[in-house]
Amino acid sequence: ELIEREKWNESGNAFLCLFGKMVNRYTAADMPSGDEDLLEYMSDTEEDLASIEAPIELDTSFPKTVLFTGLPKVGQDRHEKLMNVLKKMTSEFGAPKIEMPFDTKNKDETAGVAFLTFNEVKQARDCQGEFVEKKLDAKHTIKAISVEDFTKLMAKSDTYTPPAKGNFFTREKFRWWLEDERCREQFVIRYSDMTEVFWNDPVSRAPVLVYNGERERASGAKVWSHGRVEWSASGSYLVTFHKQGIALWAGPDFQKVTKFEHSLVSAVCFSPDEEYLCSWDGVSAKDGGQVFVWNVRTGKKLTAFPTPSVNPRSDKAPPVLWSPDSKYLARCSTDEVVILSASSEFAPLKDTGGSRVRLKFEGLASVSWSPTDSILAVWQPERMPPKDPKKEKEGEKSTPGAGPAGQTAEMPARVTVLQIPTRKDLATKTIYNARDARILWHARGDFLAVNVTTVSKSGKSSSNQSLIFRMRQMSKGSVPVEAFPLDFKEASLRAFAWEKSGTRFAVLTENEITHSKKVHFFHVAKDAVEPLDPMDVPSPINTIEWAPGGTYFLLASKGPDGSLMFCSLDEKGKLEILHKDEHFMLNEIIWDPSSRFVATCTTIPMITGGAGNAAALRYGSESGYSVWSFQGRLQYKAQKEKLYSFQWRSHPSPLLSAEKLSEIRTNLKTYSRKFDRVDEELRQKSIRAFEESRKKEMDAFTSAVAAIRKWKSEHKKNAQWEKDLKDWHDSQDFVMREEVHEELIDQEETVI
């Protein structure tokens, strides 16, 4: 009550005024009218309150309040007008309470600042992010800062203290594994409390240990990583997860090069050039979750923002998307895509006029970058049209979206392909009665497939079609789109997969009556999509996994059946089944970057409770991995208790041109002879080493037997034992009898 009655002092803080009067003692003149009797309850002497009870710790944070600076200084006559401008500019974040104090020296003008207090912390954070640096007019730019940050800034000393030296490091030997003379691949496994990095050795057909965290355990650490592990985008770093944050390891000896503090971090994602890193705590914005963006080499935290409301990736991955050139970072809400620019330390992208770029998409559901170009594909499902306030005021209904014959009350679904940062619309496709859709980019960005499931007007039947966007055949600034039906007679679509290095894709279908399955292959020619010969597959098959180099693919049954079919589809469209096998309880398939080997795994999630425990019980007894050649020959298999993950080490993008890669693929047999010769030499060397080892063991055994015989001959007292044995045999009534048994095996008569 006293605080409410106090007026703001020169600093604009009623608390300071009240605290000052309490320190200097209240008199009757200081007390509010009618409350003078409160003086008799006050002590006349100084009391040591700390000796009576512990002081109360007050919460001095103001997370819902944002400070605006850079405002024009106005008098009383323009005060209300400026307040209305601020209310209008911040209305989309709620209805904040705005305080705009007057200058303490010149009380006829405002101080050029304003305090905005929101109802929710999220509203304050969103407002602060929007007004980091926003032009109000030609002479004034609004700069927003939280009260906590302002307090820390004012508490800093006026004396300059040079910053601590950054955690810089060189990347001289970060690609060392690519220089292996035998062109072997590396992989990391995380199981139980162990993390191990291996070479995949095709000659010995066994994994060769590289490092398993022995230095860390020797220094007192129980484990190398407390949580997950994963490789960076190009394989330069191994990331280990800990309670305090994450650590990066690199070099032939896997030395720790840097670390990032982010409590209880659950997921990370690198920019394609590995210059930046996003870390996420796995918590929603409602519960205070945040995404941090770091500079990898300096360790500097560049920016932080609340968890976006829409995750364009999976639930386990950070809800942001990197552009393929690492220049932009996209985060999404239900009606907007925000592009953050790396050149401005990930502030929102601005146009040539200095205004923030806004990409508005009502009901946004899915967003995806092209793998090779700064092009975004956006999917908006069917949605109700926005309400028209004017028509509602006049008593009219909002006009529904235009559907077939105007029979739908919803706005139709839409696919939009646009270029960043120009925001040029390259293609837009509207789909009516769409129930679901998936955005599937070709690995080289040559094509974009949007597989759409539509329903009939009655809702009793559905159909599938694929919208093929030919990204390299742009004409007059737009991308041609071809609607290709994926409906097969009495069959439903079960899987779709692009050949990662080619112009073909595969579709898995299931007959709704017999439940038999087929894989259909298609070639995207210059003018049309051409079908190739299909193949029948066993009914348990539910997955298609192409090798990164194309041509070879694996058909598998994820689940208890675990069927495997290793296949190839050559450039002429000839299909061949190379091998059939199985991996019981299979749930993961990972091709190595070279396309020579593929791993099939049975893993369990690294979470506890609910679905995590159920999966652990289901797959725990079978957890392990197998490594196969692309032809289906088993290299080796290993059972690992509580196998959480298996990951091949990533490769950087090739420096060779597409023409050179095509030439190598065409003349692969010529290049492979060299490696076949090296493999054969190593194989013969291994055989010779085995034979030498066996000869040494045989020689040692022969030498031991000779020594025993020599010792026996030198000790004549053992001759009596031989004589007694002979006498015992002579004393027995053994009868020696010889019998001959004949059996006719075959008989053949020849007439001469």
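1. A few points about the overall build of the chain
- Of regular secondary structure, the chain possesses 12 helices and 43 strands.
- Within the chain, contacts between residues at least 6 apart in sequence are counted, and of these 48% link residues at least 24 apart.
- In the structure as shown, the chain presents an accessible area of about 45600 Å², 52% of it carried by carbon and sulfur atoms.

2. Let's talk about the sheet that holds strand E35 (residues 543-546)
- If you trace the four strands from one edge of the open sheet to the other, you get E35-E36-E37-E38, paired in antiparallel fashion. Each of the sheet's edge strands pairs with one partner strand only, and the pair in question is E35 and strand E38 (575-582). Across the sheet, the mean angle from the axis of one strand to that of its neighbour is 20°, orientation sign disregarded.

3. Some words on the sheet that holds strand E41 (residues 624-629)
- Spatially, the four strands line up as an open sheet ordered E39-E40-E41-E42, and their pairing is antiparallel. Whereas interior strands pair on both sides, the edge strands pair on one side only; in this sheet they are strand E39 (588-591) and strand E42 (634-639). Strand after strand, the sheet turns through a mean of 15° between neighbouring axes, direction not considered.
- In terms of strand pairing, strand E40 (residues 597-602) meets E41 through six bridges, oriented antiparallel.

4. Examining the nonpolar core
- Within the largest apolar cluster, 20 residues are counted, with the highest numbers of intra-cluster contacts made by Trp379, Val417, Leu448, Val450, Phe469 and Met471.
- Looking at this core, the elements that each hand over two or more residues are strand E23 (375-380), strand E24 (413-419), strand E25 (425-431), strand E26 (434-441), strand E27 (447-455) and strand E28 (462-470).
- Per-element tally for this core: the top contributor is E26, with four residues.
- Those residues in contact with Val450 that sit more than four places away from it in its chain are Val415, Ala437, Arg438, Gln465, Ser466, Leu467 and Phe469.

5. Describing the confidence of the model for the chain
- Summary statistics for the chain give a mean pLDDT of 84 and a share of 86% for residues scoring 70 or more.
- Low confidence marks residues 1-23, where pLDDT is under 50. Its contacts with residues over four positions away, or in another chain, come to 19 contacts.

6. Overview of the state of the cysteines
- In total, this model carries zero disulfides according to the counting rule given.
- Cys278 carries a free sulfur, and the closest cysteine sulfur to it, the one in Cys269, is 4.4 Å from it.

7. Details of the side chain of Asn464
- Inspection of the secondary structure assignment puts Asn464 in strand E28.
- Residue classification places Asn464 among the buried positions, given a relative accessible area of 15%.
- For Asn464, the side chain forms a polar contact with the side chain of Thr453, separated by 2.9 Å.
- Those residues within four positions of Asn464 in sequence are excluded, and the remaining contacts are Val452, Thr453, Pro485, Leu486, Asp487 and Leu493.

Definitions and cut-offs
- Residues numbered from 1 in each chain as written.
- Predicted model: local features only at pLDDT ≥ 70, side-chain atom pairs only at ≥ 80, totals over all residues.
- Heavy atoms only, no water.
- Helix = DSSP H or I, 4+ residues; strand = E, 2+ residues; numbered from the N terminus.
- Contact = heavy atoms within 4.5 Å.
- Areas by Shrake-Rupley, 256 points an atom, 1.4 Å probe, with all protein chains shown as cover.
- Pairing = 2+ DSSP bridges.
- Axes fitted to C-alpha atoms, helices over the stretch in contact; angles between N-to-C directions.
- Core = buried A, V, L, I, M, F, W, Y, C linked by side-chain atoms within 4.5 Å.
- Buried < 20%, exposed > 50% of the residue type's maximum accessible area, 1.4 Å probe, protein only.
- pLDDT = per-residue confidence, 0-100.
- Disulfide = S-S within 2.5 Å.
- Polar contact = N/O pair within 3.5 Å; in protein donor to acceptor, adjacent residues only side chain to side chain.

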